[in-house]
Amino acid sequence: MSAGGSAPPPRRGDPLPIVAGVPPRPASSPPPDDLGEADPARLAQGWERRFIAQGARLDEMMRLYEALGYEVAADPVSGGRPGVECEGCRLATGLGFKLIYTRSRRTS
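Residue indices follow the written sequence of each chain, beginning from 1 at its first position. Reporting in this predicted model follows two pLDDT cut-offs: at least 70 for local features of residues, and 80 or more for side-chain atom pairs to be given and counted; totals over whole chains, interfaces and linings ignore these cut-offs and use all residues. Hydrogens and water molecules were not included; the side-chain quantities draw on all heavy atoms of the structure.

Teacher, can you tell me more about the overall build of the protein chain here?
Working definition: helices are DSSP H or I runs of at least four residues, strands are E runs of at least two. Numbering for both runs from the N terminus. Scanning the protein chain from N- to C-terminus turns up three helices and three strands. With 108 residues in all, the protein chain has 23% of them scored as buried. In what follows, a contact means two residues having at least one pair of non-hydrogen atoms within 4.5 Å. The contacts of the protein chain with a sequence gap of at least 6 include a subset with a gap of at least 24, amounting to 71%. Methods summary: accessible areas were calculated by the Shrake-Rupley approach with a probe of 1.4 Å, and residue burial reflects only the protein chains presented. Surface summary for the protein chain: the accessible area is close to 7,800 Å², and the carbon and sulfur share equals 57%. We call a residue buried when its accessible area falls under 20% of the maximum for its residue type, exposed when it is over 50%, and partly exposed in between, using a 1.4 Å probe and counting protein chains only.

Just to check I follow, could you spell out the confidence of the model for the protein chain for this structure?
If pLDDT is low for a region, its predicted coordinates should not be looked at in detail. For the protein chain, the average pLDDT comes to 75, and 59% of its residues sit at 70 or higher. Per-element confidence in the protein chain ranges from a low mean pLDDT of 75 for helix H3 (residues 87-94) to a high of 95 for helix H2 (residues 55-67). Low pLDDT (under 50) marks residues 27-33, which in the prediction has 14 contacts with non-local residues, meaning those over four places away or in another chain. The score called pLDDT rates the predictor's confidence residue by residue, from a low of 0 to a high of 100.

Quick question: what am I supposed to make of the pattern of salt bridges here?
A carboxyl oxygen of Asp or Glu within 4 Å of a side-chain nitrogen of Lys or Arg is what we treat as a salt bridge. Enumeration over the complete set of coordinates arrives at four salt bridges. Notably, a salt bridge pairs Asp75 with Arg42, separated by 2.8 Å at the nearest N-O pair. Of this pair, Asp75 sits in strand S2 (residues 70-76) while Arg42 sits in helix H1 (residues 40-44); the two residues are 33 residues apart in sequence, bridging distant segments of the chain. One exposure class covers both Asp75 and Arg42, and it is buried.

Would you take a moment to explain the sheet that holds strand S3 (residues 98-104) for this structure?
Strand pairing within a sheet occurs via backbone hydrogen bonds; the two strands may be parallel or antiparallel. Here a strand pair is declared whenever DSSP counts at least two bridges between the two strands. On the basis of which strands lie adjacent, the open sheet formed by three strands has the order S1-S3-S2 and antiparallel pairing. Two strands close off the open sheet at either side, each with one partner strand: strand S1 (48-53) and S2. Across the sheet, the axes of successive neighbouring strands diverge by a mean angle of 25°, strand direction being ignored. In this sheet, S3 lies alongside S1 in antiparallel orientation, the contact comprising four bridges. Across the sheet, residue Ala53 finds its bridge partner in S3, namely Lys98. To obtain each axis, a line is fitted to C-alpha atoms, and for helices this fit is confined to the stretch in contact; angles are then taken between N-to-C directions over 0 to 180 degrees. The sheet strands contacting H2 are S1, S2 and S3, and the helix crosses S2 at an angle near 155°.

See below:
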């Protein structure tokens, strides 16, 4: 502890402390934004994976990207990576989350 009585801030790579009684996420569980694996076919066509959303937020973000001049696509979130048990993946799939992709508009 430092002279002020508080612990020093964690360094990069240090395990995170338990916050408000919530245990850390198991190592086998993908991070929250890793719920939707990018479609390799979309990536090959120049699409960029953005993030997952659903409902009103999905509609809002698609309109925003379109207003910014991007082509926008949204695919249903897959059930996670093969061999990885992921409750969040199943939940996101069941709730209708979609993975948003964007790419620059193609000029004709």
